[in-house]
Amino acid sequence: DTLKTRLQAPAGFAVSGGWRRLFAGVLPTALSSVPGGAVFFGVYELTKARLEGVAVDEAIPPAFNGIGGGGGLWHKDACAAVTAAAASCLVRTPAAIVSQRMQIGQYGSLREALSGVFAGGGWRGFYTGLGVSIARELPFAFVQFPLYEALKRLLHPRRAAEA
């Protein structure tokens with residue numbers, strides 16, 4: 001991640017740190033992983049539970065209704081996944097901003113990065129690029145989690161029926 005960030009930095013790879021301090025910015029990423037994952041799976045399961053009583057839409061092509069033996073559950077899984085991905089971006093984007101600023105050498109410590117980002121844009125500064133992050137995450141979640149749920153139903157039909 002650090003190499004990619006430095007290669008894309010406007011100042012260039014060498015000026016942004018080159019091969020030095022390759023683990024700069026790892027702390028904010030590590031600190032946001034658990035809360036970001038907790039938000040994702042919490043929202044995912046909550047959304048799936050809320051959609052449980054919603055009727056299958058008649059407009060969905062019949063070919064998709066039986067994917068993984070789910071009887072049309074794929075669109076509910078997809079809805080839960082994209083909702084969860086958007087919610088987790090609210091946690092992960094500030095960490096990514098701080099991490100990237102540390103990776104290019106703009107700030108030397110987590111404390112310095114946090115105060116610098118806040119000084120430069122207030123709370124909004126931590127959400128620079130949120131729309132792009134969401135746009136990147138949603139298609140991935142839309143495909144990955146419905147596929148995962150369909151495979152679970154296909155490979156373990158008894159367990160899926162109990163859930």
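Cut-off values and rules
For every chain, the first residue of the written sequence is number 1, and numbering continues from 1 along that sequence. In view of the model being predicted, local features appear only for residues whose pLDDT reaches at least 70, and side-chain atom pairs are presented and counted only at 80 or more, with totals across whole chains, interfaces and linings using the full set of residues. Side-chain calculation: all heavy atoms of the structure are included, whereas hydrogens and water are not. The way it works is that DSSP assigns letters per residue, a run of H or I at least four long becomes a helix, a run of E at least two long becomes a strand, and they are numbered from the N terminus. Contacts between residues were defined by any pair of non-hydrogen atoms, one from each residue, lying within 4.5 Å. We get accessible surface area from the Shrake-Rupley algorithm with a probe of 1.4 Å; when it comes to residues, only the shown protein chains can shield them. Each Phe, Tyr or Trp ring (for Trp, its six-membered ring) is paired with any other whose centre lies within 6.5 Å, and the angle between the two planes then decides the class: stacked below 30 degrees, edge-to-face above 60, tilted in between. Remark: exposure states derive from per-residue accessible area (1.4 Å probe, protein chains only) relative to the maximum for the residue type, with buried under 20%, exposed over 50%, and partly exposed in between. Among buried residues, the Ala, Val, Leu, Ile, Met, Phe, Trp, Tyr and Cys ones that are joined through side-chain atoms within 4.5 Å form a nonpolar core.

Topic: the overall build of the chain
Inference 1: When its secondary structure is counted, the chain shows 7 helices and 0 strands.
Inference 2: For the chain, contacts bridging at least 24 residues in sequence account for 67% of all contacts bridging at least 6.
Inference 3: Approximately 10,000 Å² of the chain is accessible, and the part contributed by carbon and sulfur atoms is 67%.

Some words on the packing of aromatic side chains
Inference 1: The tally for this structure, following the rule as stated, stands at 9 aromatic pairs.
Inference 2: Measuring from ring centre to ring centre gives 6.4 Å for W74 and F142, while their planes differ by 90°; the resulting arrangement is edge-to-face. Of this pair, W74 sits in helix 4 (residues 74-103) while F142 sits in helix 6 (residues 130-155), and the two are 68 residues apart along the sequence.
Inference 3: In this structure W74 comes out as buried when scored by relative accessible area, which is 19%.
Inference 4: By relative accessible area, F142 is classed as partly exposed at 43%.
Inference 5: A connected cluster of aromatic rings, assembled from ring pairs, spans F40, F41, Y44, F145 and Y148.

Re the nonpolar core
Inference 1: Grouped together as the largest cluster of nonpolar side chains are 8 residues: F40, Y44, A80, A81, A84, A85, A141 and F145.
Inference 2: Of all the elements in the fold, those that place two or more residues in this core are helix 2 (26-51), helix 4 and helix 6.
Inference 3: Looking at this core, the element that brings in the most residues is helix 4, giving 4 residues.
Inference 4: If we skip the residues at most four places from it in the chain, A85 touches F40, E137, L138 and A141.
Inference 5: Listed in part, the 7 residues of the second largest apolar core include V98, Y107, V117 and F126.

Here's the deal with the side chain of R153
Inference 1: Along the polypeptide, R153 turns up in helix 6.
Inference 2: Residue class for R153 comes out buried when judged on its relative accessible area of 13%.

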